[in-house]
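# Residue-level structure breakdown
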Amino acid sequence: MKYVDEFRDRHLARQLAAAIAAEVDPEREYRLMEFCGGHTHAIFRYGIQQLMPPNLRFVHGPGCPVCVLPMTRLDQAIAMTREHGVTLCTYGDLMRVPASGRRTLLKAKAAGADVRMIYSTQDVLRIARDEPERQVVFMAIGFETTTPPTAVAILQARAEGLKNLSFLCNHVLTPPALRAILSLAGPEGVRLDGILGPSHVSTVIGTRPYEFVPNQFGIPVVIAGFEPLDVMQSALMLVRQINDGRREVENQYSRAVGEGGNARALELMARVFVTRPSFEWRGLGFLPESAPALAEDYADLDAERRFPVTVETSREIKGCECPAILRGLKEPTECKLFGAVCTPDNPMGACMVSSEGACAAYWSHRTHMPSSGLNR
Ligand code: SF4
């Protein structure tokens, strides 16, 4: 038996589903936002929504780092290759995300730009070492989970004295995005009764940074693991909090997450980064103090300073509902382009490209949504 099998047990899943069904109040609605794209995929892959009572709905959140990257940053990266001839390295998903005018990094590569897909920051360091005649730029993305490895790469580049490597930092922070979602009101807003908090991010930052959610917004949070029983148990914990009138941060993923997070990772991030006053998110606009940038001591490794470019105003592809989907206001099937012109082979927006995107989840699991992929 593998360690994960216990978290995919069909019998336990049925017991959890029965407990949830027994405890939900039929007179009320439970709208639970899964912040993270990893949860969205677990919900679809294992048919978890179908195991829930009809008055409990999962609302998809903005927790996909590729999806929340605004077009401007992709336009900026493409412009760096064009205007400065840099070697741009980044992770696979980003290569196919449409920028302005449906350009992509992949199309820029086909047109002659030196764009390379990498699997880890160590690949970037190796390319910079092996090709000292090239200026190598690492387009770094991700939430707090992938920020510490970027910090390590920056420190390594400095220690080795690499003069031809710099970093285009697109990392973003989870709590400000959560605050922005909860602050949206009126027609722009989404009503939520509970939050399934991200698990991998929380291994780095801990549970404490979410305390503003119950304290200021009166909404309970449960930090939830990514396996199907994790998600179901977390839903049950939220149902119980809601029924009891409690508003707390609870930790379902206690096997990996502590209150204070990972002290070493947080120290590395604090050493290398400062918080930007403001950063643009796709779907959420400019959010204050929502993203790190390289600290002044590392300014010489900052690609934005080394290779400045000016990009024109970026425009979303007409009809693409990614911004509304990222705010939890619409579901992918409400987008007119879904499955018609927008598919994983021909994506119109980031939500269909990314392995964590809501549109990709709907597309991948739409034919067998009613069944469950849980173990017997
Ligand atoms: S289906 Fe395609 S076009 Fe529609 S919101 Fe999703 S990614 Fe955008």
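Whatever comes next refers back to the structure up there.
Values in this document were obtained by computation on a predicted structure and should not be read as measured data. (Residues numbered from 1 in each chain as written. Predicted model: local features only at pLDDT ≥ 70, side-chain atom pairs only at ≥ 80, totals over all residues. Heavy atoms only, no water.)

## Some details on the sheet that holds strand β8 (residues 221–223)
Pairing within the open sheet is parallel, and its five strands lie in the order β2-β1-β7-β8-β9. The open sheet has two free edges, formed respectively by β2 (56–63) and β9 (249–251), since each of these has just one partner strand. Strand after strand, the sheet turns through a mean of 25 degrees between neighbouring axes, direction not considered. Direction of pairing for strand β1 (residues 30–36) relative to β2: parallel, over a ladder of six bridges. Pairing of Tyr30 across the sheet is with Leu56, part of β2. Across the sheet, helix α2 (residues 37–45) touches β1, β2 and β7 (194–197), and the angle it forms with β1 is around 120 degrees. Of the strands in this sheet, β1, β2, β7, β8 and β9 are in contact with helix α11 (residues 228–244), which crosses β8 at around 155 degrees. (Pairing = 2+ DSSP bridges. Helix = DSSP H or I, 4+ residues; strand = E, 2+ residues; numbered from the N terminus. Axes fitted to C-alpha atoms, helices over the stretch in contact; angles between N-to-C directions. Contact = heavy atoms within 4.5 Å.)

## Details of the packing of aromatic side chains
Per the stated rule, a full pass over the model turns up eight aromatic pairs. Measuring from centroid to centroid gives 6.3 Å for Phe212 and Phe217, while their planes differ by 75 degrees, and the two rings are edge-to-face. Using a relative accessible area of 26% as the deciding quantity, one classes Phe217 as partly exposed. The rings of Phe44, Phe338, Tyr362 and Trp363 are connected pair by pair, giving a single aromatic cluster. Cation over ring: Arg28 sits above Tyr30, and NZ or CZ is 5.4 Å from the ring centre. (Phe/Tyr/Trp six-rings, centres within 6.5 Å; stacked < 30°, edge-to-face > 60°. Buried < 20%, exposed > 50% of the residue type's maximum accessible area, 1.4 Å probe, protein only. Lys NZ or Arg CZ within 6 Å of the ring centre and 35° of its normal.)

## Quick look at helix α6 (residues 121–130)
Taken residue by residue, α6 has Thr121, Asp123, Val124, Leu125, Ile127 and Ala128 as its buried positions. Lining the buried residues of α6 we find β3 (87–90), β4 (115–117), β5 (136–142), α7 (147–160) and β6 (165–171). Measuring from the side-chain oxygen of the N-cap residue of α6 to the backbone nitrogen of Gln122 gives 3.1 Å; that N-cap residue is Ser120. (Polar contact = N/O pair within 3.5 Å; in protein donor to acceptor, adjacent residues only side chain to side chain.)

## A look at helix α16 (residues 358–365)
Extensive coverage of α16 is indicated by the burial of six of its eight residues. If you check which residues of α16 are buried, you get Ala358, Cys359, Ala360, Ala361, Tyr362 and His365. Residues of α16 that are buried in the fold lie against α2, β2, α14 (322–326) and α15 (350–353).

## Considering unusual backbone geometry
At Arg102, a residue that is not glycine, the phi angle is positive and equals roughly 60 degrees. Within the secondary structure, Arg102 sits in the loop between β3 and α5 (105–110). Phi at Glu289 takes a positive value of approximately 45 degrees, unusual for a residue other than glycine. Of note, Glu289 is situated in the loop between β12 (285–288) and β13 (292–294).

## So, the pattern of salt bridges
All chains considered together, the criterion is met by 24 salt bridges. Notably, a salt bridge pairs Arg134 with Asp114, separated by 3.3 Å at the nearest N-O pair. Remark: Asp114 occurs in the loop between α5 and β4 and Arg134 occurs in the loop between α6 and β5; sequence separation between them is 20 residues. On the basis of relative accessibility, which here comes to 26%, the residue Arg134 falls in the partly exposed class. Counted as one network, the salt bridges with shared partners bring together Asp114, Arg116, Glu131 and Arg134. (Salt bridge = Lys/Arg side-chain N within 4 Å of Asp/Glu carboxyl O.)

## Things to note about the packing of α7 against helix α12 (residues 263–272)
A packed helix pair is summarised by two numbers, namely the angle formed by the two axes and the spacing between the axes. At a closest axis distance of 9 Å, the pairing of α7 and α12 adopts a crossing angle of 55 degrees. The orientation of α7 with respect to α12, classified from their angle, is oblique. Viewed along their axes, α7 and α12 form a crossing whose handedness is left-handed. Contacts between α7 and α12 involve Thr147, Pro148, Ala151, Val152, Ile154 and Leu155 from the first element and Ala265, Leu268, Met269, Arg271 and Val272 from the second. Considering only residue class, the contact of α7 with α12 consists of nine nonpolar, one polar and one charged. (Parallel < 35°, antiparallel > 145°, perpendicular 65-115°, else oblique. Left-handed = near helix turned anticlockwise from the far one by under 90°. Nonpolar A, V, L, I, M, F, W, Y, C, P; charged D, E, K, R; others polar.)

## Quick word on empty space enclosed by the protein
For the structure on display, the rule yields three cavities of 30 Å³ or more. In this structure, the largest cavity encloses a volume near 80 Å³. Along its surface, the largest cavity is lined by 13 residues, and Cys320, Cys322, Cys335, Cys342 and Cys359 are the ones closest to its centre. Where the lining of the largest cavity is concerned, the elements lending two or more residues are α14 and α15. Of the residues contributing to the lining of the largest cavity, the split by class is eleven nonpolar, one polar and one charged. Approximately 60 Å³ is the volume found for the second largest cavity. Listed by contribution, the elements that provide at least two residues to the lining of the second largest cavity are α2, β2 and α14. (1 Å grid on protein atoms, 1.4 Å probe; cavity = no way out; pocket = protein on both sides within 12 Å on 5 of 7 lines; lining within 4 Å. Points joined across faces, edges and corners; volume = space filled by probe spheres on them.)

## Some thoughts on the site of the ligand
As a matter of local geometry, the ligand sits amid Cys320, Glu321, Cys322, Ile325, Cys335, Leu337, Phe338, Cys342, Met348, Gly349, Met352 and Cys359. Among the detected pockets, the ligand sits in the largest cavity. For the shell around the ligand, a count of residues per class yields ten nonpolar, one polar and one charged. (Near = heavy atom within 4 Å. Sits in = over half its atoms within 2 Å of the grid points.)

## Concerning the environment of Arg191
Considering the arrangement of structural elements, one finds Arg191 in the loop between α8 (174–183) and β7. Exposure remark for Arg191: the relative accessible area of 44% places this residue in the partly exposed category. With 161 residues separating them along the chain, Arg191 and Tyr30 place their C-alpha atoms 9.8 Å apart. Leaving out residues up to four positions away in the same chain, Arg191 has contacts with Glu29 and Arg31. Side-chain polar atoms of Arg191 contact the side chain of Glu29, separated by 3.1 Å.

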